[in-house]
Amino acid sequence: MDALLEENFAVADKDRLYRCLDRVLEHKQDLFIWLKQKWAELFHADFEVLLYDLTSTYFEGEMEENSKAKRGYSRDSRPDCLQVVIALVVTPDGFPLAYEVMDGNTSEHKTLRPFLEHIEKTYGKARRLWVMDRGIPTEAT
């Protein structure tokens, strides 16, 4: 983050970042583009095979201030709790290219097309191989 913002390294202190994550969010896409470039330069990372998966995390309590917290399919066997769904695209080496926090009642198969479009728009068209759970793609996507 300090290199991206061309600031002193103290700007990226762990506790400081935790306190300002909402402000960093608006720079998420630029940050991922910069990171992809650095990973390619430093580690010769390959971005032709992408792994895509979703998970969920639940909250105990009412979560009144979180509009994304909803009841949905609970991977944690906690249908009594509100949750959010988290989608992630990474390389086989574990370099993340995109993530999204979605409503807790988001169906897996409805997430694929927006992520395919997002990756193509952000990083350009390429002959990529996508690896994912069988429940994510449909005949239409």
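Structural data are supplied above this passage.
Read on for a plain summary of the structure. (Residues numbered from 1 in each chain as written. Predicted model: local features only at pLDDT ≥ 70, side-chain atom pairs only at ≥ 80, totals over all residues. Heavy atoms only, no water.)

1. A short note on the nonpolar core
For soluble globular proteins, nonpolar side chains are generally found buried alongside one another.
Then, in step 1: Tyr52, Leu54, Val89, Leu97 and Ile119 are the most contacted members of the largest nonpolar core, which totals 20 residues.
Then, in step 2: Elements that contribute at least two residues to this core include exactly α4 (28-43), β1 (49-59), β2 (82-90), β3 (96-103) and α5 (112-123).
Then, in step 3: With four residues, α5 is the single largest residue contributor to this core.
Then, in step 4: Contacts of Leu54, omitting those with residues within four sequence positions, involve Arg75, Val85, Ile86, Ala87, Met102, Glu108, Thr111 and Ile136. (Core = buried A, V, L, I, M, F, W, Y, C linked by side-chain atoms within 4.5 Å. Buried < 20%, exposed > 50% of the residue type's maximum accessible area, 1.4 Å probe, protein only. Helix = DSSP H or I, 4+ residues; strand = E, 2+ residues; numbered from the N terminus. Contact = heavy atoms within 4.5 Å.)

2. Digging into the packing of aromatic side chains
How two aromatic rings sit relative to each other is set out by the distance from centre to centre and by the angle between their planes.
Then, in step 1: In the structure shown here, the tally under the stated rule is five aromatic pairs.
Then, in step 2: Judged by centre distance (5.5 Å) and plane angle (25°), the rings of Phe43 and Phe95 are stacked. Here Phe43, found in helix α4, pairs with Phe95, found in the loop between β2 and β3; they are 52 residues apart in sequence, far enough to count as distant.
Then, in step 3: Clustering of aromatic rings is evident, with ring pairs tying together Trp39, Phe43 and Phe95.
Then, in step 4: Positioned above the aromatic ring of Tyr99, the side-chain terminus of Lys28 is 4.2 Å from the ring centre.
Then, in step 5: Positioned above the aromatic ring of Phe47, the side-chain terminus of Lys36 is 4.5 Å from the ring centre. (Phe/Tyr/Trp six-rings, centres within 6.5 Å; stacked < 30°, edge-to-face > 60°. Lys NZ or Arg CZ within 6 Å of the ring centre and 35° of its normal.)

3. Some details on the layout of surface pockets
Remark: the empty space left among the atoms is shown by a probe the size of a water molecule rolled over them.
Then, in step 1: Taken as a whole, the largest pocket spans an internal volume of roughly 350 Å³.
Then, in step 2: For the largest pocket, the full set of lining residues is Leu21, Asp22, Val24, Leu25, Lys28, Leu31, Phe32, Leu35, Trp39, Pro96 and Tyr99.
Then, in step 3: Broken down by secondary-structure element, the contributors of at least two residues to the lining of the largest pocket are α3 (21-25), α4 and β3.
Then, in step 4: Sort the elements by how many residues they give to the lining of the largest pocket and α4 lands first, with five residues. (1 Å grid on protein atoms, 1.4 Å probe; cavity = no way out; pocket = protein on both sides within 12 Å on 5 of 7 lines; lining within 4 Å. Points joined across faces, edges and corners; volume = space filled by probe spheres on them.)

4. Details of the pairing of β2
Then, in step 1: Burial analysis of β2 places seven of its nine residues in the buried class, which makes it a mostly covered element.
Then, in step 2: Judged from the nine bridges that link them, β1 and β2 form a sheet pairing that is antiparallel. Among the inter-strand pairings, Phe59 is bridged to a residue of β2, identified as Leu82.
Then, in step 3: Here β2 folds back onto β3 in antiparallel fashion, the turn holding five residues, of which Gly94 has a positive phi close to 95°. (Pairing = 2+ DSSP bridges.)

5. Considering the side chain of Thr111
Then, in step 1: Relative to the assigned elements, Thr111 resides in the loop between β3 and α5.
Then, in step 2: Accessibility expressed as a relative area gives 2% for Thr111, which makes it buried.
Then, in step 3: Not counting chain neighbours up to four residues away, the residues in contact with Thr111 comprise Tyr52, Leu54, Met102 and Thr106.

6. What about the side chain of Gln83?
Then, in step 1: Position of Gln83 among the secondary structure elements: in strand β2.
Then, in step 2: Relative accessible area serves as the criterion here: at 1%, Gln83 is assigned to the buried category.
Then, in step 3: One polar contact links Gln83 to Ser56, side chain to side chain, over a distance of 3.5 Å.
Then, in step 4: Excluding residues that lie within four positions of it along the chain, Gln83 makes contacts with Ser56, Thr57, Tyr58, Phe59, Lys68, Ala69, Lys70, Gly72, Tyr73, Ser74 and Gly104. (Polar contact = N/O pair within 3.5 Å; in protein donor to acceptor, adjacent residues only side chain to side chain.)

7. Overview of the pattern of salt bridges
Then, in step 1: Inspection of every chain in the model, using the stated rule, returns five salt bridges.
Then, in step 2: A salt bridge links Lys28 to Glu100, with the shortest nitrogen-to-oxygen separation between them at 3.3 Å. Of this pair, Lys28 sits in helix α4 while Glu100 is found in strand β3, placing the two residues 72 residues apart along the sequence.
Then, in step 3: By relative accessible area, Lys28 is classed as buried at 18%. (Salt bridge = Lys/Arg side-chain N within 4 Å of Asp/Glu carboxyl O.)

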